[in-house]
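This is what each chain is made of:
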Amino acid sequence: MSQAIDKVKQALSHLEIITDTHQITKLSLDYYHFSPILHEKLKDKRGEIVVRPSTEEEVLQIAQTCVKYKVPLTVRGAGTGNYGQCIPLQGGVIVDMTKMQQILWLKPGVASVEPGVKMAAFDKQARQIGWELRMAPSTYRIATIGGFIGGGSVGMGSVNYGQLRDRGNLLALRIVTLEDEPRVIELRGDEVQKVNHAYGTNGIITQLEIPLAPAYPWAEIIVVFDEFMQAARFGQKLGNSDGIAKKLISIHDASICRYFHHLHDDLPEHKHAALLMVSEYDLEAFHELVNEYNGNVTYLKNAEEASKGISLLEFTWNHTTLHARSIDPTITYLQTFYFTVDNVEHFYHHFGDEVMIHLEFLKFQGKVIPGGLQLFHFTTEERVNEIIRYHEENGAGIANPHTYILEQGGRKTSDSLQLDFKKEVDPYGLMNPGKIAIQN
Ligand SMILES: Cc1cc2nc3c(=O)[nH]c(=O)nc-3n(C[C@H](O)[C@H](O)[C@H](O)COP(=O)(O)OP(=O)(O)OC[C@H]3O[C@@H](n4cnc5c(N)ncnc54)[C@H](O)[C@@H]3O)c2cc1C
């Protein structure tokens, strides 16, 4: 342990501090290993100590101490990120926010929470007044709201509300800075974009004000189809069906369905599947749509039944990759905006068996479009880059999950708003160093 870390430890000895090597290893890593490329680069990275604050005042003390001794600080929620966002590249202090889990207030349409609140736990309370989170990742049960804002993008509900970055999906934030005299700053409205999806590089979020969605009783349904493109077109039509309330439209090629062992009885061999959440009130109209596309419903649980077992959510978004990798660890993935079903058809035929397509429908600039987290067997980094290039040259957008650099993932360019804010609130470059290209 370096001298500086030793001093930090002494200065913060009144807080919960973890120094056990096994625990530090666990709390240094995330799900970066979904990418063999990131695995090689990040597998040995560790923080030196972990601190667990339970109040904003304690976060201020941690910030002040790290600034005083010029020690890097990496914030962490539940550590379910996929790109090593919370893996410290230069050692230092890991600040685990999971003890800050108070719902400060909750009213129809809006809530204020601490960052360590787990999403499913939040929804349990919000539903009691008829509301729920607008969107949530498939790691909903364990991920924190602060971590979703820091490192996430989309999830169930995105078919209605788009991406986290869309104006209105985050109302306000309080952050602690890493200046000589750390401050608490409140950001509202467009100003939240300074910190939204910044990988914890420009302020420690201590409170969030979030908008909510009306909570419907969501039935969980599987529909199977003979042809993949028939399933894809059904997904688009359901997305476009304004009279049917839905929260999740997830389409899987038959080659992917075979990885869903828990759903074995509901996924006949060689069939392609739609995994869906649709309002119980709209099931009659929904069944008519299924008939129009010659689909066959193999699984239908009403909201009450669905809340008891494993949710279909946990087979969608990046949980699809998790299930596939648990059976075949050579599998990796991409994150794609296909924009149109015709594009999907093009890539489906172009890559054939090499790329197994998994679509997630989401709202993008006011329209429902197919996104996807397609799967393929990793061979070389060159081949991954070729597959990415082919998509980009043929009308799709890729949010590259094989990089831990913020600007090289979904964004593609430096965000001057975030960078300028970083200079102001983290003048010594101590926050999660190495994750921003321009800083390296
Ligand atoms: C199987 C699987 C499925 C997934 N599905 C989805 C999905 O559907 N949609 C999606 O968007 N993502 C998905 N993810 C990625 C991830 O689970 C989500 O983004 C999740 O919301 C991250 O929350 P977390 O609490 O684990 O954050 P962490 O991984 O702990 O942190 C994420 C980032 O936020 C920063 N951060 C955390 N807390 C704070 C804070 N208080 N202040 C400032 N910065 C902070 C961290 O430094 C880090 O850079 C998936 C991952 C896995 C492994």
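Parameters and conventions
- Residues numbered from 1 in each chain as written.
- Predicted model: local features only at pLDDT ≥ 70, side-chain atom pairs only at ≥ 80, totals over all residues.
- Heavy atoms only, no water.
- Pairing = 2+ DSSP bridges.
- Helix = DSSP H or I, 4+ residues; strand = E, 2+ residues; numbered from the N terminus.
- Axes fitted to C-alpha atoms, helices over the stretch in contact; angles between N-to-C directions.
- Contact = heavy atoms within 4.5 Å.
- Near = heavy atom within 4 Å.
- Polar contact = N/O pair within 3.5 Å; in protein donor to acceptor, adjacent residues only side chain to side chain.
- Areas by Shrake-Rupley, 256 points an atom, 1.4 Å probe, with all protein chains shown as cover.
- Nonpolar A, V, L, I, M, F, W, Y, C, P; charged D, E, K, R; others polar.
- Left-handed = near helix turned anticlockwise from the far one by under 90°.
- Domains from an automatic or database assignment.
- Buried area = accessible area lost by both parts, 1.4 Å probe.
- Salt bridge = Lys/Arg side-chain N within 4 Å of Asp/Glu carboxyl O.

1. A few points about the sheet that holds strand β13 (residues 272-279)
Now for step 1: The strand order β14-β11-β13-β12-β18-β19-β16-β21 describes an open sheet built from eight strands, whose pairing is antiparallel. Of all the strands in the sheet, the pair left with one neighbour each is β14 (296-301) and β21 (397-398).
Now for step 2: With three bridges joining them, strand β12 (residues 246-252) and strand β18 (residues 358-364) adopt antiparallel strand pairing. Across the sheet, residue I251 finds its bridge partner in β18, namely L359.

2. What about the sheet that holds strand β4 (residues 93-96)?
Now for step 1: Taken in spatial order, the four strands line up as β1-β2-β4-β3 in an open sheet, and their pairing is mixed. Two strands lie at the open edges of the sheet, namely β1 (16-18) and β3 (73-76), each paired on one side alone. Taking the axes of each pair of neighbouring strands and ignoring which way they run, one obtains an average angle of 25° across the sheet.
Now for step 2: Of the strands in this sheet, β1, β2 (49-52) and β4 touch helix α1 (residues 3-11), which is tilted by about 25° from β2.
Now for step 3: Packed on one face of the sheet, helix α4 (residues 56-69) meets β2, β3 and β4 and runs near 155° to β3.

3. Quick notes on the site of the ligand
Now for step 1: Around the ligand there are 34 residues in total, and V75, G77, T80, T144 and V154 lie nearest to it.
Now for step 2: Contact distances for the ligand include 3.4 Å between a nitrogen atom and a side-chain N or O atom of N82.
Now for step 3: S138 has a polar side-chain atom sitting 3.0 Å from a nitrogen atom of the ligand.
Now for step 4: Protein chains shield 97% of the accessible area of the ligand, which is 980 Å² for the free molecule.
Now for step 5: For the shell around the ligand, the secondary-structure elements that each account for two or more residues are β3, α6 (145-151) and β10 (204-214).
Now for step 6: Take the shell around the ligand: its biggest share by element is five residues, from α6.
Now for step 7: Its residues assigned to classes, the shell around the ligand comprises 14 nonpolar, 19 polar and one charged.

4. Remarks on the packing of helix α13 (residues 341-351) against helix α14 (residues 381-393)
Now for step 1: Taken N-terminus to C-terminus, the directions of α13 and α14 make an angle of 145°; their axes are 11 Å apart at the nearest point. In the packing of α13 onto α14, the handedness of the crossing is right-handed. Taken together, the residues of α14 that come into contact with α13 (itself represented by H346, F347, H350 and F351) are R383, I387, Y390 and H391.
Now for step 2: Across the contact of α13 with α14, the residue classes tally to four nonpolar, three polar and one charged.

5. With respect to the domain arrangement of the protein chain
Now for step 1: Segmenting the protein chain into domains produces domain 1 (3-96), domain 2 (103-214) and domain 3 (218-398).
Now for step 2: For domain 2 versus domain 3, the distance between C-alpha centres works out to 26 Å.
Now for step 3: In this complex, domain 2 contributes 16 residues to the contact, which on the side of domain 3 involves 18 residues.
Now for step 4: The three residues of domain 2 that bury the most area against domain 3 are S138, M156 and V159, which together make up 47% of that side's buried surface.
Now for step 5: For the pair domain 2 and domain 3, the interface holds two salt bridges.
Now for step 6: For K247, the salt bridge identified is with E132, shortest N-O distance 3.2 Å.
Now for step 7: Counting across the interface, domain 2 meets domain 3 through nine residue pairs in polar contact (both at pLDDT 80 or more).
Now for step 8: A class-by-class count of the residues in the side of domain 2 that touches domain 3 yields five nonpolar, eight polar and three charged.

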